[in-house]
Amino acid sequence: MTMATKLPVPDNMAQQHSDQLLTLIKQKIAIEGGEISFAQYMHLCLYTPGLGYYSAGSHKLGTGGDFTTAPEISSLFSQTLAHHINDVFSQLTEPNIIEFGAGSGKMAVDILLELEHLNRLPANYFIIEASADLRGRQQQQIEAKLPHLSHVVQWLDQLPNNFIGVVLANEVCDAMPVHRLHFSSGHIYEQVITLNSAGDLQWCDNEFLPEELLIRANEIQHFIGQQDYVTEVNLQAEAWLSSVADSLDQGAVFIIDYGYPNISYYHPERTTGTLMCYYQQQGHDNPFIFPGLQDITAHIDFTALAETAQSNHLDVAGFQTQADFLIAGGITELVSTHADDELKRLQQATEIKRLTLPSEMGENFKVLTLTRQLEHLLPRIQLRDQRHRL
Ligand SMILES: C[S@@+](CC[C@H](N)C(=O)[O-])C[C@H]1O[C@@H](n2cnc3c(N)ncnc32)[C@H](O)[C@@H]1O
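The structure contained in this document is the topic of the report that follows. Bear in mind that the values here come from a model prediction, so they are computed numbers and not experimental data. (Residues numbered from 1 in each chain as written. Predicted model: local features only at pLDDT ≥ 70, side-chain atom pairs only at ≥ 80, totals over all residues. Heavy atoms only, no water.)

**Details of the site of the ligand**
Okay, so step 1: Neighbouring the ligand are 19 residues, the closest being Y47, T69, G101, E129 and N170.
Okay, so step 2: Within the side chain of T69, one N or O atom sits 2.6 Å away from an oxygen atom of the ligand.
Okay, so step 3: One nitrogen or oxygen atom from the side chain of N170 is found 2.7 Å from an oxygen atom belonging to the ligand.
Okay, so step 4: Considering the ligand on its own, with 590 Å² of exposed area, one finds that the protein chains cover 94% of that surface.
Okay, so step 5: When the residues that make up the shell around the ligand are grouped by side-chain class, the tally is 12 nonpolar, five polar and two charged. (Near = heavy atom within 4 Å. Polar contact = N/O pair within 3.5 Å; in protein donor to acceptor, adjacent residues only side chain to side chain. Areas by Shrake-Rupley, 256 points an atom, 1.4 Å probe, with all protein chains shown as cover. Nonpolar A, V, L, I, M, F, W, Y, C, P; charged D, E, K, R; others polar.)

Pasting the structure below:
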């Protein structure tokens, strides 16, 4: 990831929008007695109705947006994912799909078309989306691209009980608000947000950590030793996974995201954490710039998610790089069966490189597969399985 040296200047309307959110954030800091956690700040920046990055109407995903996700790069990604879903579906009766954080809705369209092609459509394709704005976009996309299957797609506000099927989360956990920890001179602090004397946002060390965070901080200390160190903890992703586990009676969960096992995440050399911000396709690490106009993300600690899964009685069935997951799912065979002309084949070869090369998304992105009550192993997720690293 590249650090931006100079970011583009927002136009007047965008700047006003950001100023409005900043005012609201400052009010929140005042109401909370002078400081808020970074998780609260990140939540306000991304999800404040009408103003947050994901909750307001600017074009974020895909070509011309701030960042591009795998389903936006190529339909082959979602078609391959459909093959993995098909493996799970073959063991279930009347299975469904829940997709969390469906972005533009493109992945839902491509998965459903491929499952239709495989004659394995789900009874329902549920979408649970945090942003009302994106939910509207998804509805438009489904109506436009999938009119004959639009009756299958439904939006839910919460997880259903006794769910049977597959749960999908592509680049969703990294968009969940994280807490920040600061280890300094033998002390552990939570890095929170306050205002300086000029009224600007600034980091501040708070020595009183909530119990859950303190437990995690002590675990992290074990990896990093006594050096100065800043890092993130994604408690929300763990709570989210617990709620998914509560809902799932039988089936699988595929979590696809960038991140590492804890031993690499909390590596002694990664002293400034994994927090990244994206504004108009430029990556940098300052979350205070243009609140509401830039994306804020942190990498995923896959060990923490695997441990949460285990403690909620899910089977940790696989942990692969995105490249291995896609190759095992037959991404290369899809090119020959789906591309009807040479130009398209060449274009798809380029897309596959972006999705699978180690220098692109192939290794940074991982797939954690969790299952419950499946009678047979899923053979594709055995390819170069790396659960031993978790
Ligand atoms: C980085 S975007 C990824 C979008 C899409 N999955 C893709 O791959 O193109 C993150 C998405 O997750 C959504 N999101 C974040 N937290 C969520 C949650 N707890 N429940 C549902 N959606 C969530 C955001 O609103 C947004 O749609």
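There is more to say, and it comes next.
**Re the packing of helix α4 (residues 75–89) against helix α5 (residues 106–117)**
The relative placement of two packed helices is expressed as an angle between their axes plus a distance between the axes.
Okay, so step 1: Taken N-terminus to C-terminus, the directions of α4 and α5 make an angle of 55°; their axes are 8 Å apart at the nearest point. Viewed along their axes, α4 and α5 adopt a mutual orientation that is oblique. Here α4 and α5 pass one another in a crossing that is right-handed. Touching S75, F77, S78, Q79, L81, A82, H83, I85, N86 and F89 of α4 are K106, M107, D110, I111, E114 and L115, all from α5.
Okay, so step 2: Class assignment for the residues of the contact of α4 with α5 results in eight nonpolar, five polar and three charged. (Axes fitted to C-alpha atoms, helices over the stretch in contact; angles between N-to-C directions. Helix = DSSP H or I, 4+ residues; strand = E, 2+ residues; numbered from the N terminus. Parallel < 35°, antiparallel > 145°, perpendicular 65-115°, else oblique. Left-handed = near helix turned anticlockwise from the far one by under 90°. Contact = heavy atoms within 4.5 Å.)

**Structural notes on the state of the cysteines**
Okay, so step 1: One pass over the full model with this rule turns up zero disulfides.
Okay, so step 2: The thiol sulfur of C45 is not disulfide-bonded, and the nearest other cysteine sulfur, from C277, lies at 8.7 Å. (Disulfide = S-S within 2.5 Å.)

**Here we look at the environment of F100**
Okay, so step 1: Mapping F100 onto the fold places it in strand β2 (residues 96–100).
Okay, so step 2: Since its relative accessible area comes to 8%, F100 is described here as buried.
Okay, so step 3: Here the alpha-carbon distance between F100 and A169, two residues 69 residues apart in the chain, equals 5.2 Å.
Okay, so step 4: Those residues within four positions of F100 in sequence are excluded, and the remaining contacts are I128, L159, V167, L168, A169, V172, W240 and V244. (Buried < 20%, exposed > 50% of the residue type's maximum accessible area, 1.4 Å probe, protein only.)

**Considerations on the sheet that holds strand β13 (residues 295–297)**
Okay, so step 1: Strand order in the open sheet formed by three strands is β12-β11-β13, with antiparallel pairing between adjacent strands. Each edge of the open sheet carries a strand with a single partner, namely β12 (282–284) and β13. Direction aside, the axes of adjacent strands within the sheet are offset by 25° on average.
Okay, so step 2: Where strand β11 (residues 276–279) meets β12, three bridges bridge the pair, whose relative direction is antiparallel. Paired with Y278 across the two strands is G283, which belongs to β12. (Pairing = 2+ DSSP bridges.)

**A short note on helix α13 (residues 342–356)**
Okay, so step 1: Look at α13: 21 Å from first C-alpha to last across 15 residues, which is about the 21 Å you get at 1.5 Å a residue.
Okay, so step 2: If you check which residues of α13 are buried, you get Q348, E351, I352, L355 and T356. Angular distribution of buried residues about the axis of α13 spans 115°; they occupy a single face of the element. Residues of α13 that are exposed and angled more than 90 degrees away from the buried face: L343, L346 and K353. (Expected span 1.5 Å × (residues − 1). Arc of directions from axis to C-beta.)

**Description of empty space enclosed by the protein**
Okay, so step 1: The final tally for this structure, using the stated rule, is two cavities of 30 Å³ or more.
Okay, so step 2: Put simply, the largest cavity is a space of about 70 Å³.
Okay, so step 3: Lining of the largest cavity is provided by 13 residues; of these, N234, E238, I300, D301 and A304 occupy positions nearest its centre.
Okay, so step 4: Looking at the lining of the largest cavity, the elements with two or more residues in it are β9 (229–233), α8 (235–247), β14 (300–301) and α10 (302–311).
Okay, so step 5: Among the residues forming the lining of the largest cavity, the class breakdown is seven nonpolar, two polar and four charged.
Okay, so step 6: As a volume, the second largest cavity reaches approximately 30 Å³. (1 Å grid on protein atoms, 1.4 Å probe; cavity = no way out; pocket = protein on both sides within 12 Å on 5 of 7 lines; lining within 4 Å. Points joined across faces, edges and corners; volume = space filled by probe spheres on them.)

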